[in-house]
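Observations on chain architecture
Chain residues, written in single-letter form:
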Amino acid sequence: VKIDNHAVNGRSTKSFIDEGRWDVVLNKIKPGDYVIMEFGHNDAKKDDPKRFADAKTDYRKNLERFIDETISKGGIPVLATPIVRRRFDEQGNFYDVHGDYPNVVREIALEKNIALLDLHKKTEELVKSFGKEKSKRLFLHILPGEYNSLPDGLTDDTHLSPEGAFRVCDLAAQEIREKINILASY
């Protein structure tokens, strides 16, 4: 198995297309290749015209384009929902900030009968099970002075810590085993 990772920080479906990154992926697809697509975090950035893609219109169209073009090359598209951001209210209750984006991914997967890795659902369950305080371990919560390059520390409830990355990787592998039998042995 060879894995080609074309993910780039901060990209949306729109910027991935506009920067020519989708064309690079598309040109590499060979019959039988699995193409796992996960977007949504940056598509939702309404204040950034270079990245914003409305969930029900442009985001949907962009994902459908990726799927259709993957199939046209003989590839096998797989959709993944975005993982959750860590958000809790004053009472310690988790709340989601992704709006329609995960549901659009689920709808497209159902409509086009393609595999769905529901990482949004799985990571929501994980973050809720950890709770408000313990879930900080899953994300980049760095204390002041812990790293010379971050003297003031960092609180980032979007990007994962090493522990969070391992746990989400386990969730993704579990979803692949359950949803794409042919890849389970890998």
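Structure: above.
This write-up is about the structure you can find in this document. Here the structure is a predicted model, which is why all the values come from computation and not from measurement.

Thresholds, definitions, all that
In every chain, residue numbers begin from 1 and rise along the written sequence. For this predicted model, a pLDDT threshold of at least 70 governs which residues receive local features, and a threshold of 80 or more governs which side-chain atom pairs are given and counted, while totals over whole chains, interfaces and linings are taken from all residues. Working from all heavy atoms in the structure, the side-chain values ignore hydrogens and water. Take the buried residues of types Ala, Val, Leu, Ile, Met, Phe, Trp, Tyr and Cys, join any two whose side-chain atoms come within 4.5 Å, and each joined set is a nonpolar core. When a residue's accessible area, from a 1.4 Å probe over protein chains only, is under 20% of the maximum for its type it is buried; when over 50% it is exposed; and in between it is partly exposed. The helix and strand labels rest on DSSP assignments: H or I over at least four residues marks a helix, E over at least two residues marks a strand, and numbering proceeds from the N terminus. Residue contacts are counted whenever heavy atoms from the two residues lie within 4.5 Å of one another. Each helix should span, by expectation, one fewer than its residue count multiplied by 1.5 Å. We define the bend at any residue as the angle between the axes fitted to the seven residues before and including it, ending there, and the seven starting there. Only four residue types enter the charge count: Lys and Arg as positive, Asp and Glu as negative, with His and the chain ends excluded. Any Lys or Arg side-chain nitrogen found within 4 Å of a carboxyl oxygen on Asp or Glu counts as a salt bridge. In protein, a polar contact means a hydrogen-donor-capable atom and an acceptor-capable atom, both N or O and within 3.5 Å, with residues adjacent in sequence counting only if both atoms are side-chain atoms; elsewhere, any N or O pair within 3.5 Å suffices. Here, strands pair whenever DSSP counts at least two bridges between them. Only the stretch in contact is used when a helix axis is fitted, and all axes are lines through C-alpha atoms; the angle between N-to-C directions ranges over 0 to 180 degrees. Here is the rule: rings of Phe, Tyr and Trp (six-membered ring for Trp) pair when centre to centre is within 6.5 Å. Planes less than 30 degrees apart are stacked, more than 60 are edge-to-face, and the remainder are tilted.

Here we take up the nonpolar core. Counting residues in hydrophobic clusters, the biggest one holds 23 residues, and the most contacted among them are Trp22, Tyr59, Leu63, Phe66 and Leu79. At the level of elements, α1 (13-18), α2 (21-28), β1 (34-38), α3 (55-72) and α4 (101-112) are the ones that each hand at least two residues to this core. Setting aside chain neighbours within four positions, we find leucine 79 in contact with Met37, Leu63, Ile67, Val105, Ile108, Ala109, Ile114, Ala115, Leu116 and Leu117. By size, the runner-up hydrophobic cluster in this structure holds nine residues, among which are Val84, Leu138, Phe139 and Leu171.

Over its 16 residues, helix α5 (residues 119-134) runs only 20 Å from end to end, short of the ideal 22 Å by more than 12%, given 1.5 Å per residue. Considering bend angle alone, the principal kink of α5 is centred on lysine 128 and spans about 50°.

Position of aspartate 156 relative to the elements: it lies in strand β5 (residues 154-160). One buried charged residue, aspartate 156, remains without a salt bridge, the closest side chain of opposite sign being arginine 87 at 7.0 Å. A polar atom in the side chain of aspartate 156 sits 2.8 Å from the backbone nitrogen of threonine 158. For aspartate 156, the side chain forms a polar contact with the side chain of histidine 159, separated by 2.8 Å. Every residue in contact with aspartate 156, bar those within four places of it in the chain, is listed here: Phe139, Leu140 and His141.

Looking now at the sheet that holds strand β3 (residues 115-117). Overall, parallel pairing links the three strands, which are arranged β1-β2-β3 in an open sheet. Edge positions in the sheet fall to β1 and β3, since each of these pairs with one other strand and no more. When strand polarity is set aside, the average angle formed by the axes of neighbouring strands in this sheet is 30°. Two strands pair when backbone bridges link them, and strand β2 (residues 76-80) and β3 are joined in this way by three bridges, in the parallel orientation. Bridging from a neighbouring strand, valine 78 pairs with alanine 115 of β3. Sheet strands touched by helix α6 (residues 162-179): β1 and β3. Its angle to β3, the strand with the most contacts, is close to 160°.

Scanning the model with the defined rule gives six aromatic pairs in all. Ring geometry for phenylalanine 16 against phenylalanine 39: centres 5.3 Å apart, planes inclined by 65°, an arrangement best described as edge-to-face. Within this pair, whereas phenylalanine 16 is found in helix α1, its partner phenylalanine 39 is found in the loop between β1 and α3, the two being separated by 23 residues in sequence. Accessibility assignment for this pair places phenylalanine 16 and phenylalanine 39 in one class, buried.

We now examine the pattern of salt bridges. Within the structure shown, the criterion is met by 19 salt bridges. The residue arginine 137 makes a salt bridge to glutamate 163 at a minimum N-O spacing of 2.7 Å. On the criterion of sequence distance, the pair formed by arginine 137 in the loop between α5 and β4 (139-142) and glutamate 163 in helix α6 is long-range, its members being 26 residues apart. Residue classification places arginine 137 among the partly exposed residues on the basis of a relative accessible area of 41%. One continuous salt-bridge network, built from bridges that share partners, spans Arg60, Glu64, Glu107 and Glu111.

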